[in-house]
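# Tertiary structure, described
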Amino acid sequence: MNSKKIINVVAGFICKDKKFLICQRPAGKARALLWEFAGGKVEQGESHAAALKREFMEELAVEIEVSDLFYSHSHEYDDVIVNLFIYHAKIVKGTIQKLEHKDIKWISSKEIDNYSFCPADEEVLEILKQNY
């Protein structure tokens, strides 16, 4: 039996001018300094949309509108199993601020290979490279 903790993580796929938003994880956290889509853990009793809105406000100080599910899958790390749900979203209020991340970038699909991403994001990044 697998005794790893299972967590549900939501992330937002936000595009503007044919580029999408990525964030660099802070030092001192698991998978430190790797890049990912903005988002975070779903708390008990919280909907995916509510969790994603909360995470964007806490980490980036922006209000978002969440729409359809873009991609989902599970990824097993050494320490945890992540059920990842990436939703299409758009910023509806505020200006992005770097409240938690080491860095924030808008990149095109052609730039993906210039960044070291969290392994859980690799499958969706391949889709983006082929179709975006």
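Preceding this paragraph is the structure being described.
Attention in this report is confined to the structure presented alongside it. Residue indices follow the written sequence of each chain, beginning from 1 at its first position. Two thresholds apply to this predicted model, a pLDDT of at least 70 for residue-level local features and 80 or more for giving and counting side-chain atom pairs, whereas whole-chain, interface and lining totals are computed over all residues. No hydrogens and no water enter the side-chain calculation; it runs on all heavy atoms of the structure.

### Some points on the pairing of strand 3 (residues 19-24)
Across the 6 residues that make up strand 3, a large majority, 5, are buried. Strand pairing is defined by DSSP finding a minimum of two bridges between the two strands. Helix numbering and strand numbering both begin at the N terminus, where a helix is a DSSP run of H or I of at least 4 residues and a strand a DSSP run of E of at least 2. Pairing of strand 2 (residues 15-16) with strand 3, which is carried by 2 bridges, proceeds in the antiparallel orientation. By the bridge assignment, Cys-15 is partnered in strand 3 with Phe-20. Here strand 2 folds back onto strand 3, and the loop between the two strands holds 2 residues, one of which, Asp-17, carries a positive phi near 50°. Note that strand 3 and strand 8 (residues 103-107) share 5 bridges and pair antiparallel. In the sheet register, Leu-21 faces strand 8, and the bridge partner there is Trp-106. To sort residues, take the accessible area from a 1.4 Å probe on protein chains only and compare it with the maximum for the residue type: under 20% means buried, over 50% means exposed, and anything in between is partly exposed.

### Examining the pattern of salt bridges
The term salt bridge refers to a pairing of a side-chain nitrogen on Lys or Arg with a carboxyl oxygen on Asp or Glu at a separation within 4 Å. Taken as a whole and assessed by the stated rule, the structure comprises 13 salt bridges. Put simply, Arg-54 and Glu-43 hold a salt bridge, and the shortest N to O gap is 3.6 Å. Residue Arg-54 is found in helix 1 (residues 48-60), and its partner Glu-43 is found in the loop between strand 5 (39-41) and helix 1; the two are separated by 11 residues along the sequence. On the accessibility criterion, Arg-54 (17% relative accessible area) is buried. Across the pair Arg-54 and Glu-46 runs a salt bridge, and its minimum N-O distance is 2.7 Å.

### Observations regarding the side chain of Asn-83
Position of Asn-83 relative to the elements: it lies in strand 7 (residues 80-93). Exposure remark for Asn-83: the relative accessible area of 18% places this residue in the buried category. Here a polar contact is taken to be a pair of N or O atoms separated by no more than 3.5 Å, where protein atoms must pair a possible hydrogen donor with a possible acceptor and residues adjacent in sequence count only if both atoms sit in side chains. In this structure the side chain of Asn-83 is engaged in a polar contact, spanning 3.1 Å, whose partner is the side chain of Asn-8. Beyond its immediate chain neighbours, meaning those up to four positions away, Asn-83 contacts Ile-6, Ile-7, Asn-8, Val-9, His-73 and Ser-74. Any pair of residues with heavy atoms lying within 4.5 Å of one another is described as a contacting pair.

### Observations regarding the pairing of strand 7
Pairing geometry for strand 1 (residues 5-13) and strand 7, over 9 bridges, is parallel. Directly across from Val-10, in strand 7, lies its bridge partner Phe-85. Bridge count between strand 6 (residues 63-76) and strand 7: 11 bridges; the pairing is antiparallel. Across the sheet, Glu-63 pairs through a bridge with Lys-93, a residue of strand 7. Taking the residues between adjacent antiparallel strands as the criterion, strand 6 and strand 7 are bridged by 3 residues.

### Topic: the environment of Glu-55
Looking at the element boundaries, Glu-55 is found in helix 1. In the structure, Glu-55 is positioned 67 residues away from Glu-122 in sequence and 21 Å away in space, judged by C-alpha atoms. Discounting chain neighbours no more than four positions away, the residues touching Glu-55 are Gly-39, Gly-40, Lys-41 and Leu-60.

### Describing the sheet that holds strand 6
Pairing within the open sheet is mixed, and its 4 strands lie in the order 5-1-7-6. With partners counted over all chains shown, the strands left at the sheet margins are strand 5 and strand 6, one partner each. Across the sheet, the axes of successive neighbouring strands diverge by a mean angle of 20°, strand direction being ignored. Working convention: axes come from line fits to C-alpha atoms, limited for helices to the stretch in contact. Angles between N-to-C directions cover 0 to 180 degrees. Across the sheet, helix 1 lies against strand 1, strand 5, strand 6 and strand 7, angled at about 120° from strand 5, the strand it touches most. Strands strand 1, strand 6 and strand 7 of the sheet are contacted by helix 2 (residues 122-131), whose axis makes an angle of about 115° with strand 6.

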